Amino acid sequence: MEVDSIRNMNFHSYESLKLFYGSASGESIEFTLPSVWDKVARTSSFQQRISNIWLKRGISRIPIVHQVYMRQAPGKGSILCDGSIVVEVGGIELGHGLYTKVKQVAAYALSLIQCDETGDLVEKV
């Protein structure tokens, strides 16, 4: 039996998401897992790539479901003695660009601080 057919049978439906996640599951019109799953297969030529047993093209599809919280996460920025900057955030990078956004915010915030030397910078932060 093909692994992908088992995954298709075990997909979350909107009703199962509602059961496990309650109101965080959103509205039924927002449930797009089957359409996204099919689009990934189409755009990556998934069936053609897995059908050739001699030419290995590493590809796999694994569905995951995780709850997304819409809240402000605290962050902490530190300027170390050697001049390097450390920014800690309460989020996880899942490929959605969290680290890029943190770098942009830190760069923007540090550009607003006008100072003459490093000692002056530490006092202003």
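Look up a bit, the structure's there.
On a predicted model such as this, the values are computed, not experimentally measured, just so you know. (Residues numbered from 1 in each chain as written. Predicted model: local features only at pLDDT ≥ 70, side-chain atom pairs only at ≥ 80, totals over all residues. Heavy atoms only, no water.)

Participant: Report on the overall build of the protein chain, specifying residues and quantitative values.
Facilitator: Assigned secondary structure in the protein chain consists of six helices and two strands. Starting at the N terminus and walking to the C terminus, you meet the elements of the protein chain as α-α-α-α-β-β-α-α. Of all 125 residues assigned to the protein chain, the portion counted as buried reaches 14%. Look at the contacts in the protein chain between residues 6 or more apart in sequence, and 32% of them connect residues 24 or more apart. Looking at the protein chain as shown, the accessible area adds up to about 10400 Å², and 58% of this sits on carbon and sulfur atoms. (Helix = DSSP H or I, 4+ residues; strand = E, 2+ residues; numbered from the N terminus. Buried < 20%, exposed > 50% of the residue type's maximum accessible area, 1.4 Å probe, protein only. Contact = heavy atoms within 4.5 Å. Areas by Shrake-Rupley, 256 points an atom, 1.4 Å probe, with all protein chains shown as cover.)

Participant: So what's going on with the packing of aromatic side chains? Residues and values would help.
Facilitator: Throughout the structure, instances matching the rule amount to one aromatic pair. The interplanar angle of 85 degrees and the centroid separation of 5.0 Å between the aromatic rings of Phe11 and Trp37 together place this pair among those described as edge-to-face. Here the residue Phe11 occupies a position in the loop between α1 (3-9) and α2 (14-21), and Trp37 occupies one in helix α3 (residues 33-43), the gap between them amounting to 26 residues. Its relative accessible area of 18% is what places Phe11 among the buried residues. (Phe/Tyr/Trp six-rings, centres within 6.5 Å; stacked < 30°, edge-to-face > 60°.)

Participant: Which residues make up the pairing of strand β2 (residues 85-89), and what values do they have?
Facilitator: Pairing of strand β1 (residues 75-79) with β2 involves five bridges; the strand directions are antiparallel. Within the sheet, the bridge partner assigned to Ser78 lies in β2 and is Val86. (Pairing = 2+ DSSP bridges.)

Participant: So, unusual backbone geometry: which residues are in play, and what are the values?
Facilitator: In the Ramachandran plot, Ser45 falls in the positive-phi region, its phi being about 55 degrees despite a non-glycine side chain. Within the element layout of this structure, Ser45 appears in the loop between α3 and α4 (46-51).

Participant: Any details on a nonpolar patch on the surface? Residues and values, ideally.
Facilitator: Residues Ile85, Val87 and Val89 make up a contiguous nonpolar surface patch of roughly 220 Å² in combined accessible area. Within the fold, Val89 resides in strand β2. (Patch = residues over 30% accessible without salt bridge, like charges linked within 9 Å, V, L, I, M, F, W, Y side chains within 5 Å. Salt bridge = Lys/Arg side-chain N within 4 Å of Asp/Glu carboxyl O.)

Participant: A description of the side chain of Ser44 should follow, citing residues and the corresponding values.
Facilitator: Considering the arrangement of structural elements, one finds Ser44 in the loop between α3 and α4. Apart from the residues lying within four places of it in its own chain, the contact partners of Ser44 are Arg49 and Ile59.

Participant: Describe helix α5 (residues 98-111), naming the residues involved and giving the relevant values.
Facilitator: Between the first and last C-alpha of α5 there are 20 Å, a value that for 14 residues agrees with the 20 Å anticipated at 1.5 Å per step. Taken residue by residue, α5 has Leu98, Val102 and Ala106 as its buried positions. Buried residues along α5 cover an arc of 65 degrees about the axis, so they all sit on one side. Turned more than 90 degrees away from the buried face of α5, the exposed residues are Lys103, Gln104 and Tyr108. Elements that come into contact with the buried residues of α5 comprise β2. (Expected span 1.5 Å × (residues − 1). Arc of directions from axis to C-beta.)

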